[in-house]
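In case you want the letters, here they are:
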Amino acid sequence: YMTRFGVYLCLFNMEDLLSSERSVREGCLAHVRHWLNCIAVHTLSEIEDSDGALIVRTAPVLIVGTRKDKVSSPAKHSECSTILYDAFNGHVAFKSVVLNEKAEGPRGSVTLNFFPVDCTQSRNDPTIRKLMSVVESEVDRSDYVHAEKPVLWLMIFDTLASLKRPFFPYSEVLRLATSYSLPEDKVPEMLQFLHDMGMLMWHD
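All of these numbers come straight from a predicted model, not from anything done at the bench. (Residues numbered from 1 in each chain as written. Predicted model: local features only at pLDDT ≥ 70, side-chain atom pairs only at ≥ 80, totals over all residues. Heavy atoms only, no water.)

Enquirer: Can you lay out the overall build of the protein for me, pointing to particular residues and giving the numbers?
Expert: Across its full length, the protein carries 8 helices and 7 strands. Over its C-alpha atoms the protein spans a radius of gyration of 21 Å, topping by over 25% the 17 Å that the globule rule assigns to 204 residues. Taking the principal axes of its C-alpha atoms as reference, the protein extends roughly 65 × 40 × 30 Å. Sequence-distant contacts, at least 24 apart, represent 61% of the contacts inside the protein between residues at least 6 apart. Roughly 12,200 Å² of accessible area belongs to the protein as shown, and the carbon and sulfur atoms make up 52% of that amount. Of the charged side chains in the protein, 21 are positive and 27 negative, and the gap between their average positions amounts to 6 Å. (Helix = DSSP H or I, 4+ residues; strand = E, 2+ residues; numbered from the N terminus. Rg over C-alpha atoms; globule rule 2.2 N^0.38 Å. Contact = heavy atoms within 4.5 Å. Areas by Shrake-Rupley, 256 points an atom, 1.4 Å probe, with all protein chains shown as cover. Lys, Arg positive; Asp, Glu negative; His and termini not counted. Charge placed at Lys NZ, Arg CZ, Asp CG, Glu CD.)

Enquirer: Give a description of the pattern of salt bridges that names residues and reports values.
Expert: In the structure shown here, the tally under the stated rule is 7 salt bridges. We note a salt bridge from R141 to E138, for which the minimum N-O separation is 2.9 Å. A residue pair is termed a helical-turn pair when its members lie 3 or 4 positions apart in one helix, as R141 and E138 do in helix α4 (residues 126-141) at 3 residues. With relative accessibility at 63%, the residue R141 sits in the exposed group. (Salt bridge = Lys/Arg side-chain N within 4 Å of Asp/Glu carboxyl O. Buried < 20%, exposed > 50% of the residue type's maximum accessible area, 1.4 Å probe, protein only.)

Enquirer: With reference to specific residues and values, describe the packing of aromatic side chains.
Expert: Remark: the centre distance and the inter-plane angle together describe each pair of aromatic rings, the angle taken between the planes. All told, the structure shown has 4 aromatic pairs when counted by the stated rule. When the centroid spacing of 6.3 Å and the interplanar angle of 65 degrees are considered together, the rings of Y85 and F94 count as edge-to-face. Residue Y85 is classed as partly exposed on the basis of its relative accessible area of 42%. On the basis of relative accessible area, F94 is assigned to the buried category, the value being 10%. (Phe/Tyr/Trp six-rings, centres within 6.5 Å; stacked < 30°, edge-to-face > 60°.)

What follows is the structure in structure tokens.
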């Protein structure tokens, strides 16, 4: 279900990243690297920048550090941010990392490469509320969210979902779609869109 049509949160444990044990630190970085690699493999695409030039980007990525209840110091958050930058600034997915601007720093506000959160506080943690707002903004900025699609596609999907079955043969989906007057040659386009949105899995 990983496609370029999404915003991805990559979580790590700040205690592990700052651990005095090298193997724990390296394990934490390996975990982040694994998911950045997955995001790159599945979402890398060429897009036009504001000047019309083609650039290679992945879907937006927000790196999230957990255990802020244990690692609460802004100085430690800055240290984590530096470690992440040093480890991944050359990674193709890192170019798409959404920065945590105006975060609390040791001497005023700073920009971090990640969002340190206290999961025990849930929405009472101001960074979690900020994170939710940033995700919403990133989604809203994406072209695919505002692309117009036939409502017929969603009606067909709703019918498939209502049948509560784990899979359907393509021939059956084709019959259902044509019963809704969807032209046969438009069925693959509909299925690709539903796949890209994570609503079903379909591979041509």
